[in-house]
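# Residue-level structure breakdown
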Amino acid sequence: MQQLQSLFGKIKDFFVRHKAARIAGIILAALFALVLLLHPHGTKTYLILGMDHYGSLNDTGRSDVMMLVQLQFDRGKIHAVTFARDMVLPSDEGRETKINTIVRHRGEDALVKTIENNFDLKIDGWFRVNFSSLISIVDAIGGVEIELTDAEARYIDRVAGPYPDSPMHEGSCHLNGAQALCYARCRKLDNDLGRGDRQSKLFSALVRATKRMTAAHIAALVGEMNHAWRSSLSSGEQAILVFQALWMRGAQVVRTGVPFEGFWHYGTSSVIPDIEKNALLLHEALGISTLQQ
């Protein structure tokens, strides 16, 4: 105890004798307090919709990508949950509906309500992109690194076309926008659930790519690319989200697919989930009960 008191006494004496050290200490303390004040807390949950067309985001189409993205700021973790596009759920009107058709007929808010009601979730907003958007975004950040199987590499070269500056092979590959789109759309190698897994891997690669980007670069990129998406969030809300997302650069992404393996069966050109079990497993995956305590 005496040694500890002596140490604190020496530190106090040092700051008394050195004015510059006092000033530096005050500045560091203020900066630390500012970081604590500005750091976002809690969670935010958004639905990302990928429409099955090129061109204008105003065009109608199916939402062949439906990804729930939950930002856990306190844990520095992101959950990416893909929903099978052929999954059938009771809509917010109570009708059994293939979920990738809801946006085309009734809009994004109807799909949000359908997912919220069936899985007991709270979604804070939605973002809508399409084929053209994905190509532009991936190219704007300089491409993404993804681990490919031999079959995936050959599929991309066959469908998207070989790019001499971006060759495909088994293992880690650098994909440009067109190749990333082809990868995200592929389901001929397996099924719709496999495609959902590839979409979440692409999202993980996009998050990893932000780690090498400065905050200024990301802010500038968002400003230049804001034409590439539509959102339920206002411009001000999107600006706040960009600032919050800067804290999550390169964050760990935990990938989940719904329906969960073993808790669904095939219908007529559709996937029929055990809704109650899938909702329970999704809550466990997201740690919702823990987060709410």
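Figured I'd write up the structure that's included with this text. (Residues numbered from 1 in each chain as written. Predicted model: local features only at pLDDT ≥ 70, side-chain atom pairs only at ≥ 80, totals over all residues. Heavy atoms only, no water.)

As a further point, take the side chain of Gln199. Mapped onto the secondary structure, Gln199 falls in helix 8 (residues 192–210). Judged by its relative accessible area of 8%, Gln199 is buried. There is a polar contact of 3.2 Å between the side chain of Gln199 and the backbone oxygen of Ala184. When near neighbours in sequence (up to four residues on either side) are disregarded, Gln199 contacts Asp64, Val65, Met67, Thr82 and Ala184. (Helix = DSSP H or I, 4+ residues; strand = E, 2+ residues; numbered from the N terminus. Buried < 20%, exposed > 50% of the residue type's maximum accessible area, 1.4 Å probe, protein only. Polar contact = N/O pair within 3.5 Å; in protein donor to acceptor, adjacent residues only side chain to side chain. Contact = heavy atoms within 4.5 Å.)

Before going further, it helps to spend a moment on the pattern of salt bridges. Following the criterion strictly, the structure yields 15 salt bridges and no others. For Asp52, the salt bridge is made with Arg62, and the minimal N-O distance between the two is 2.9 Å. Placement of the pair is Asp52 in the loop between strand 1 (43–51) and strand 2 (63–72) and Arg62 in the loop between strand 1 and strand 2, with a sequence separation of 10 residues. Asp52 gets classed as buried once you look at its relative accessible area, which sits at 19%. Here Glu93 ties to Arg106 by a salt bridge, and the two come within 3.6 Å at their closest N and O atoms. Of the two residues, Glu93 sits in the loop between strand 4 (88–90) and strand 5 (96–98) while Arg106 sits in helix 3 (residues 102–106), which places them 13 residues apart along the sequence. Note on Glu93: relative accessible area 46%, which makes it partly exposed. (Salt bridge = Lys/Arg side-chain N within 4 Å of Asp/Glu carboxyl O.)

Within the span of helix 9 (residues 215–225), buried status applies to Ile218, Leu221 and Met225. Buried residues of helix 9, viewed axially, fall in a sector of 65°; they line one side. Within helix 9, the exposed residues directed more than 90 degrees away from the buried face are Ala216 and Glu224. Buried residues along helix 9 sit in contact with helix 5 (131–140) and helix 8. (Arc of directions from axis to C-beta.)

A few words now on the nonpolar core. If you look at the biggest cluster of nonpolar residues, it comprises 46 residues, and the most contacted ones within it are Ile78, Val144, Ile146, Leu148, Leu175, Leu202 and Phe203. A total of 6 residues in this core trace back to one element, the largest contributor, which is helix 8. Dropping the residues within four chain positions of it, Leu148 is found in contact with Ala153, Ile156, Met168, His169, Glu170, Gly171, Cys173, Leu175 and Tyr183. (Core = buried A, V, L, I, M, F, W, Y, C linked by side-chain atoms within 4.5 Å.)

Across all of its chains, the model carries 1 cavity of 30 Å³ or more by this definition. Here the largest cavity defines a volume of roughly 40 Å³. If you trace the largest cavity, you find it lined by Asp64, Phe83, Ala84, Arg85, Asp192, Arg195, Gly196 and Gln199. Element by element, the count of residues in the lining of the largest cavity is highest for helix 8, at 4 residues. Tallied by class, residues from the lining of the largest cavity come to 2 nonpolar, 2 polar and 4 charged. (1 Å grid on protein atoms, 1.4 Å probe; cavity = no way out; pocket = protein on both sides within 12 Å on 5 of 7 lines; lining within 4 Å. Points joined across faces, edges and corners; volume = space filled by probe spheres on them. Nonpolar A, V, L, I, M, F, W, Y, C, P; charged D, E, K, R; others polar.)

The subject of this paragraph is the pairing of strand 7 (residues 144–148). A one-sided burial pattern is seen for strand 7, the buried positions being Val144, Ile146 and Leu148 and the unburied ones Glu145 and Glu147. The pairing of strand 7 with strand 8 (residues 171–175) spans 5 bridges and is classified as antiparallel. Within the sheet, the bridge partner assigned to Glu145 lies in strand 8 and is His174. (Pairing = 2+ DSSP bridges.)

Moving on to the side chain of Asn176. One can find Asn176 in the loop between strand 8 and helix 7 (177–185). Asn176 sits in the buried class, given a relative accessible area of 18%. With residues up to four places along the chain from it excluded, the contact list for Asn176 reads Val138, Asp139, Tyr163 and Ser166.

Here we come to the packing of aromatic side chains. Counted under the stated rule, the structure contains 4 aromatic pairs. With centroids separated by 5.9 Å and ring planes inclined at 70°, the aromatic side chains of Tyr46 and Phe127 adopt a geometry described as edge-to-face. Of this pair, Tyr46 sits in strand 1 while Phe127 sits in strand 6 (residues 125–129), and the two are 81 residues apart along the sequence. Phe127 matches Tyr46 in its accessibility class, with the two residues each being buried. (Phe/Tyr/Trp six-rings, centres within 6.5 Å; stacked < 30°, edge-to-face > 60°.)

Looking now at the sheet that holds strand 1. Within the open sheet, the 6 strands sit side by side as 9-6-1-2-3-10. Their pairing is mixed. Of all strands in the sheet, those bounded by a partner on one side alone are strand 9 (230–231) and strand 10 (252–258). Of the pairings in the sheet, the one linking strand 6 to strand 9 comprises 2 bridges and is antiparallel in character. Bridging across to strand 9, Arg128 finds its partner in Arg230. Contacting strand 1, strand 2, strand 3 (77–83), strand 6, strand 9 and strand 10, helix 4 (residues 108–119) runs over the sheet at an angle of about 125° to strand 1. (Axes fitted to C-alpha atoms, helices over the stretch in contact; angles between N-to-C directions.)

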